[in-house]
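# What the coordinates show
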Amino acid sequence: GPEASGLTSVSLVDIRTYPVPFSSSFKVSITAEVTGKFVITLLDVNGKQISTKTVTKSGATLAESVYLGNLPAGVYILKVVDPNGNESTQQIVKN
């Protein structure tokens, strides 16, 4: 059906963050078929960039720790860009 044809355009990148909420640091787990350089960017709710790091993913899943102990509590945006330029964002909460 028409649903199946749309799946090819969806980036198969699964991003999980834990713990939720976090206090000083959190882990981001990226699972995807694609390997290569992933860019992990942290933004505040106004879209201001707080930090960015490039990681190289060679296996099926990459787990990366992000330390944010010096930031105030609140909601932040985690943005992950895969090697093909596909962007995934999600909200994370710091307490």
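The present account deals with the structure reproduced in this document. (Residues numbered from 1 in each chain as written. Predicted model: local features only at pLDDT ≥ 70, side-chain atom pairs only at ≥ 80, totals over all residues. Heavy atoms only, no water.)

In this fold, Val20 is placed in the loop between strand E1 (13–18) and strand E2 (25–32). On the basis of relative accessibility, which here comes to 64%, the residue Val20 falls in the exposed class. Here the alpha-carbon distance between Val20 and Asn95, two residues 75 residues apart in the chain, equals 9.1 Å. (Helix = DSSP H or I, 4+ residues; strand = E, 2+ residues; numbered from the N terminus. Buried < 20%, exposed > 50% of the residue type's maximum accessible area, 1.4 Å probe, protein only.)

Turning our eyes to something else, we now look at the pattern of salt bridges. Oppositely charged side chains may form a pair once their charged atoms are brought near each other. Under the counting rule described, the total for this entry stands at 3 salt bridges. With a closest N to O distance of 2.9 Å, Arg16 and Asp14 form a salt bridge. Taking the shortest distance from any N to any O, the salt bridge between Glu64 and Lys53 comes out at 3.1 Å. Taken as a pair, Glu64 in strand E5 (residues 61–67) and Lys53 in strand E4 (residues 49–57) lie far apart in primary sequence, 11 residues in all. (Salt bridge = Lys/Arg side-chain N within 4 Å of Asp/Glu carboxyl O.)

Now for the pairing of strand E3 (residues 36–44). One ladder, built from 8 bridges, connects E3 with E4; its direction is antiparallel. Among the inter-strand pairings, Lys37 is bridged to a residue of E4, identified as Thr56. Adjacent in sequence and paired antiparallel, E3 and E4 are bridged by 4 residues, among which Gly47 carries a positive phi angle near 85°. Taken together, the 6 bridges between E3 and strand E6 (residues 74–81) define a ladder with antiparallel strand orientation. Of the residues in E6, the one forming a bridge with Leu43 is Ile77. (Pairing = 2+ DSSP bridges.)

The next point concerns the side chain of Thr41. Tracing the backbone shows Thr41 in strand E3. By relative accessible area, which is 6% here, Thr41 ends up buried. Among the polar contacts made by the side chain of Thr41, one reaches the side chain of Thr52 at a distance of 3.1 Å. If near-sequence neighbours (up to four positions away) are discounted, Thr41 is found in contact with Gln49, Ser51, Thr52, Ile77, Leu78 and Lys79. (Polar contact = N/O pair within 3.5 Å; in protein donor to acceptor, adjacent residues only side chain to side chain. Contact = heavy atoms within 4.5 Å.)

On to the environment of Ser23, then. You can see Ser23 is positioned in the loop between E1 and E2. Considering only alpha carbons, one finds Ser23 and Ala73, 50 residues apart in sequence, at a separation of 8.0 Å. Those residues in contact with Ser23, other than ones at most four positions away along the chain, are Lys94 and Asn95.

With an omega of -5°, the peptide bond between Tyr18 and Pro19 qualifies as cis. Of note, the amide linkage connecting Val20 to Pro21 takes the cis form, showing an omega dihedral of -15°. By secondary structure assignment, the location of Pro21 is in the loop between E1 and E2.

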